[in-house]
Amino acid sequence: MTMIFCRGCGQQIHESAVACPHCGAPQKQPTSTTDGGVPDGVIKWSWTAFLFVYVWSYFNRLTNLFFVSAAVLVIFYIGTFFGFDKAAGLANLVLVVIAIITGFKGRGWAWKSKNWESIDQFQTVQKDVASKSIKWGIGIMITGALIAVSIELVPSIYQGFMAKRASQDQAQ
(Lines give C-alpha, C1' and ligand atoms only; values in the text may rest on other atoms or scores of the structure.)
Protein backbone atom coordinates (compact mmCIF):
# COMPACT_ATOMS: atom_id res chain seq x y z
CA MET A 1 0.00 0.00 0.00
CA THR A 2 1.79 3.12 -1.27
CA MET A 3 0.95 6.47 0.24
CA ILE A 4 1.37 9.86 -1.42
CA PHE A 5 0.74 13.42 -0.28
CA CYS A 6 -2.43 15.27 -1.30
CA ARG A 7 -1.91 18.06 -3.83
CA GLY A 8 -4.37 20.24 -1.92
CA CYS A 9 -3.79 19.84 1.82
CA GLY A 10 -0.61 17.77 2.08
CA GLN A 11 -2.17 14.89 4.08
CA GLN A 12 -1.10 11.35 3.28
CA ILE A 13 -3.54 9.46 1.06
CA HIS A 14 -3.51 6.25 -0.94
CA GLU A 15 -1.89 6.55 -4.37
CA SER A 16 -5.02 5.35 -6.17
CA ALA A 17 -7.28 8.00 -4.56
CA VAL A 18 -9.08 10.09 -7.17
CA ALA A 19 -9.85 12.80 -4.60
CA CYS A 20 -8.48 13.54 -1.13
CA PRO A 21 -10.75 12.15 1.63
CA HIS A 22 -9.66 15.05 3.89
CA CYS A 23 -10.12 18.13 1.66
CA GLY A 24 -11.74 16.76 -1.51
CA ALA A 25 -8.99 18.05 -3.84
CA PRO A 26 -8.76 16.06 -7.09
CA GLN A 27 -5.53 14.09 -7.30
CA LYS A 28 -5.34 12.92 -10.88
CA GLN A 29 -6.78 14.40 -14.01
CA PRO A 30 -8.79 12.13 -16.29
CA THR A 31 -6.43 10.91 -18.94
CA SER A 32 -8.51 10.42 -22.05
CA THR A 33 -6.02 10.60 -24.87
CA THR A 34 -6.14 11.68 -28.48
CA ASP A 35 -2.68 11.56 -30.03
CA GLY A 36 -0.83 8.42 -28.97
CA GLY A 37 -0.84 8.92 -25.20
CA VAL A 38 -1.30 12.70 -25.13
CA PRO A 39 -4.29 13.80 -22.99
CA ASP A 40 -7.07 15.96 -24.37
CA GLY A 41 -6.35 19.66 -23.98
CA VAL A 42 -2.60 19.32 -24.48
CA ILE A 43 -2.54 19.54 -28.27
CA LYS A 44 -2.55 23.25 -29.15
CA TRP A 45 -0.32 25.68 -31.05
CA SER A 46 3.01 26.30 -29.29
CA TRP A 47 4.48 29.78 -29.81
CA THR A 48 7.59 28.79 -27.89
CA ALA A 49 8.31 25.82 -30.14
CA PHE A 50 7.59 27.94 -33.23
CA LEU A 51 9.70 30.97 -32.30
CA PHE A 52 12.62 29.23 -30.58
CA VAL A 53 12.90 25.78 -32.18
CA TYR A 54 16.55 25.25 -31.17
CA VAL A 55 16.27 26.27 -27.53
CA TRP A 56 12.84 24.65 -27.12
CA SER A 57 13.93 21.32 -28.63
CA TYR A 58 17.06 21.23 -26.48
CA PHE A 59 15.21 21.85 -23.20
CA ASN A 60 12.49 19.35 -24.09
CA ARG A 61 15.09 16.65 -24.77
CA LEU A 62 14.24 16.36 -28.48
CA THR A 63 17.84 15.93 -29.60
CA ASN A 64 17.04 14.72 -33.13
CA LEU A 65 14.98 17.84 -33.83
CA PHE A 66 17.68 20.01 -32.25
CA PHE A 67 20.51 18.59 -34.39
CA VAL A 68 18.50 18.53 -37.65
CA SER A 69 17.37 22.14 -37.26
CA ALA A 70 20.85 23.24 -36.18
CA ALA A 71 22.41 21.47 -39.20
CA VAL A 72 19.96 23.18 -41.56
CA LEU A 73 20.76 26.52 -39.91
CA VAL A 74 24.48 25.91 -40.48
CA ILE A 75 23.77 25.11 -44.15
CA PHE A 76 21.80 28.35 -44.39
CA TYR A 77 24.68 30.42 -42.96
CA ILE A 78 27.33 28.69 -45.07
CA GLY A 79 25.21 29.13 -48.20
CA THR A 80 24.66 32.80 -47.42
CA PHE A 81 28.32 33.46 -46.60
CA PHE A 82 29.75 31.73 -49.67
CA GLY A 83 27.10 32.96 -52.09
CA PHE A 84 25.24 29.68 -52.61
CA ASP A 85 21.88 31.39 -52.89
CA LYS A 86 19.89 28.29 -53.86
CA ALA A 87 21.24 26.28 -50.92
CA ALA A 88 20.59 29.16 -48.53
CA GLY A 89 17.08 29.67 -49.89
CA LEU A 90 16.25 25.97 -49.62
CA ALA A 91 17.67 25.81 -46.09
CA ASN A 92 15.61 28.86 -45.11
CA LEU A 93 12.47 27.18 -46.48
CA VAL A 94 13.25 23.99 -44.53
CA LEU A 95 13.74 26.05 -41.34
CA VAL A 96 10.33 27.68 -41.80
CA VAL A 97 8.69 24.28 -42.37
CA ILE A 98 10.43 22.86 -39.26
CA ALA A 99 9.22 25.84 -37.21
CA ILE A 100 5.61 25.44 -38.40
CA ILE A 101 5.56 21.68 -37.76
CA THR A 102 7.12 22.22 -34.34
CA GLY A 103 4.53 24.90 -33.57
CA PHE A 104 1.71 22.45 -34.30
CA LYS A 105 3.22 19.33 -32.72
CA GLY A 106 5.33 20.93 -29.99
CA ARG A 107 2.99 20.69 -27.02
CA GLY A 108 2.36 17.00 -27.66
CA TRP A 109 6.09 16.36 -27.90
CA ALA A 110 6.67 18.39 -24.73
CA TRP A 111 4.05 16.29 -22.90
CA LYS A 112 5.72 13.05 -23.99
CA SER A 113 9.27 14.24 -23.24
CA LYS A 114 8.76 14.87 -19.52
CA ASN A 115 6.93 13.32 -16.60
CA TRP A 116 4.32 15.97 -15.73
CA GLU A 117 2.40 15.81 -12.45
CA SER A 118 -0.89 16.85 -14.03
CA ILE A 119 -2.45 18.49 -17.06
CA ASP A 120 -2.93 21.66 -14.98
CA GLN A 121 0.78 21.84 -14.19
CA PHE A 122 1.62 21.29 -17.87
CA GLN A 123 -0.83 23.99 -18.98
CA THR A 124 0.52 26.47 -16.41
CA VAL A 125 4.13 25.89 -17.45
CA GLN A 126 3.29 26.09 -21.16
CA LYS A 127 1.31 29.32 -20.71
CA ASP A 128 4.12 30.92 -18.71
CA VAL A 129 6.81 29.88 -21.18
CA ALA A 130 4.69 30.98 -24.18
CA SER A 131 4.17 34.43 -22.64
CA LYS A 132 7.89 34.83 -22.05
CA SER A 133 8.83 33.56 -25.52
CA ILE A 134 6.45 35.98 -27.24
CA LYS A 135 7.96 38.86 -25.25
CA TRP A 136 11.49 37.70 -26.12
CA GLY A 137 10.53 37.28 -29.78
CA ILE A 138 9.12 40.81 -29.97
CA GLY A 139 12.19 42.17 -28.16
CA ILE A 140 14.53 40.41 -30.58
CA MET A 141 12.61 41.75 -33.59
CA ILE A 142 12.65 45.31 -32.23
CA THR A 143 16.38 45.05 -31.47
CA GLY A 144 17.05 43.73 -34.99
CA ALA A 145 15.04 46.57 -36.52
CA LEU A 146 16.94 49.15 -34.45
CA ILE A 147 20.27 47.65 -35.50
CA ALA A 148 19.21 47.65 -39.17
CA VAL A 149 18.12 51.30 -38.96
CA SER A 150 21.37 52.21 -37.18
CA ILE A 151 23.44 50.52 -39.88
CA GLU A 152 21.66 52.62 -42.49
CA LEU A 153 21.68 55.94 -40.59
CA VAL A 154 25.08 56.03 -38.90
CA PRO A 155 27.17 56.23 -42.12
CA SER A 156 25.07 59.08 -43.54
CA ILE A 157 25.20 60.99 -40.24
CA TYR A 158 28.97 60.47 -40.10
CA GLN A 159 29.42 61.64 -43.70
CA GLY A 160 27.32 64.75 -42.99
CA PHE A 161 29.40 65.47 -39.90
CA MET A 162 32.67 65.05 -41.82
CA ALA A 163 31.44 67.29 -44.68
CA LYS A 164 30.46 70.00 -42.17
CA ARG A 165 33.81 69.68 -40.43
CA ALA A 166 35.68 69.89 -43.77
CA SER A 167 33.77 73.05 -44.73
CA GLN A 168 34.60 74.59 -41.34
CA ASP A 169 38.28 73.72 -41.79
CA GLN A 170 38.29 75.33 -45.25
CA ALA A 171 36.62 78.47 -43.88
CA GLN A 172 39.44 78.94 -41.37
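This write-up is about the structure you can find in this document.

What counts and how
- Residues numbered from 1 in each chain as written.
- Predicted model: local features only at pLDDT ≥ 70, side-chain atom pairs only at ≥ 80, totals over all residues.
- Heavy atoms only, no water.
- Core = buried A, V, L, I, M, F, W, Y, C linked by side-chain atoms within 4.5 Å.
- Buried < 20%, exposed > 50% of the residue type's maximum accessible area, 1.4 Å probe, protein only.
- Helix = DSSP H or I, 4+ residues; strand = E, 2+ residues; numbered from the N terminus.
- Contact = heavy atoms within 4.5 Å.
- Axes fitted to C-alpha atoms, helices over the stretch in contact; angles between N-to-C directions.
- Parallel < 35°, antiparallel > 145°, perpendicular 65-115°, else oblique.
- Left-handed = near helix turned anticlockwise from the far one by under 90°.
- Nonpolar A, V, L, I, M, F, W, Y, C, P; charged D, E, K, R; others polar.

With respect to the nonpolar core
Right, on to step 1. If you look at the biggest cluster of nonpolar residues, it comprises 14 residues, and the most contacted ones within it are Val42, Val53, Trp56, Leu65, Trp111 and Phe122.
Right, on to step 2. At the level of secondary structure, the elements contributing two or more residues to this core comprise α2 (53-59), α4 (85-113) and α5 (119-171).
Right, on to step 3. With four residues, the top contributor of residues to this core is α4.
Right, on to step 4. With residues up to four places along the chain from it excluded, the contact list for Trp56 reads Ser46, Thr48, Ala49, Leu62, Leu65, Thr102, Gly106, Trp109 and Ala110.
Right, on to step 5. Judged by nonpolar contacts, the second largest core, of five residues, contains Cys6, Ile13, Ala17 and Cys20.

Digging into the packing of α4 against α5
Right, on to step 1. Where α4 meets α5, the axes come as close as 12 Å, and the angle between the chain directions of the two elements is 125°. Relative to α5, α4 is oriented oblique. In the packing of α4 onto α5, the handedness of the crossing is right-handed. Touching Arg107, Ala110 and Trp111 of α4 are Ile119, Phe122, Gln123 and Gln126, all from α5.
Right, on to step 2. Per-class residue counts for the contact of α4 with α5 are four nonpolar, two polar and one charged.

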